[in-house]
Amino acid sequence: MTLPDIIFLNGASCAGKTSITRGLQDQLPAPFMRLGVDDVVFPLAPPRWLGTPEGVRGTPRADGAVVIEMGPGGWALQRAFHRAARAIVDSGVRLIVDEVLFDPGLLLDWRDVLAGLDVMFVGVHCDLEELEARERARPDRANGQCRAQVDVVHSHGPYDLEIDTTTTPASACVRQIIAALDAPGAAFFRPASSGRS
């Protein structure tokens, strides 16, 4: 089995990435550390950058969606997250990244930062109705984020593997990812124009 430097999980909030990550950590034959946007950007942010135009804030839309917007501080937090991930791998530890690519600029920066690494790029899909049910059940989520993310989070390029957690349990998704590890992983560094239609 070929193990990449990074297994990169991208999907909307509440898509099930954290549960999949824990399963991968249990099942993979070598240790992988986990690092997610929710571990870095919000818990470690200066309070003045939360809920403000300078940092990161959620802006409600008329359709009930809550769009995440980032000012200079928000982008600085994201860049710090990306570079922390690179430092972990450069230190000799494989990594599972848990990310929500809600802006095209995020993937562009990730591609620059992770250049030269072996990255398996996994799209984690889930139907909006199920996402919103999970969102309502989680006290740490603002209702409306999933609605804003579901149409944009997978629009930035091709994947090495796509999984759907709407009705598939995390354990089965983990098996799908492990089964695909020996396939070449080049999608992360390909632009959207050369990806799937």
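Check the entry above for the structure.
Residues numbered from 1 in each chain as written. Predicted model: local features only at pLDDT ≥ 70, side-chain atom pairs only at ≥ 80, totals over all residues. Heavy atoms only, no water.

Asks: Quick question: what am I supposed to make of unusual backbone geometry here?
Replies: Comment: phi is negative for the bulk of residues other than glycine, and the bulk of peptide bonds are trans. In this model, Cys14 sits at a positive phi of 75°, which is unusual for a non-glycine residue. Residue position: Cys14 is located in the loop between strand 1 (6-10) and helix 1 (17-27). A relative accessible area of 7% means that Cys14 is categorised as buried. (Helix = DSSP H or I, 4+ residues; strand = E, 2+ residues; numbered from the N terminus. Buried < 20%, exposed > 50% of the residue type's maximum accessible area, 1.4 Å probe, protein only.)

Asks: Please clarify how the nonpolar core should be interpreted in this entry.
Replies: Side chains of nonpolar character tend, in soluble globular proteins, to be buried together. By size, the foremost hydrophobic cluster in this structure holds 58 residues, and its most contacted members are Ile7, Phe8 and Ile177. If we skip the residues at most four places from it in the chain, Ile177 touches Ile7, Leu9, Ile20, Leu24, Met120, Val122, Leu161 and Ile163. (Core = buried A, V, L, I, M, F, W, Y, C linked by side-chain atoms within 4.5 Å. Contact = heavy atoms within 4.5 Å.)

Asks: Is there a simple way to think about the sheet that holds strand 5 (residues 94-99) in this case?
Replies: Backbone hydrogen bonds are what pair the strands of a sheet, in a parallel or an antiparallel way. Strand order in the open sheet formed by five strands is 2-5-1-6-7, and the pairing between neighbours is parallel. Edge positions in the sheet fall to strand 2 (32-36) and strand 7 (161-164), since each of these pairs with one other strand and no more. Neighbour-to-neighbour, the strand axes of this sheet turn through a mean angle of 20°, independent of strand direction. As paired elements, strand 2 and strand 5 share five bridges and run parallel to each other. Each residue of the ladder has a partner; that of Met33, found in strand 5, is Leu95. Across the sheet, helix 1 is in contact with strand 1, strand 2, strand 5, strand 6 (119-125) and strand 7; its angle to strand 5 comes to roughly 165°. (Pairing = 2+ DSSP bridges. Axes fitted to C-alpha atoms, helices over the stretch in contact; angles between N-to-C directions.)

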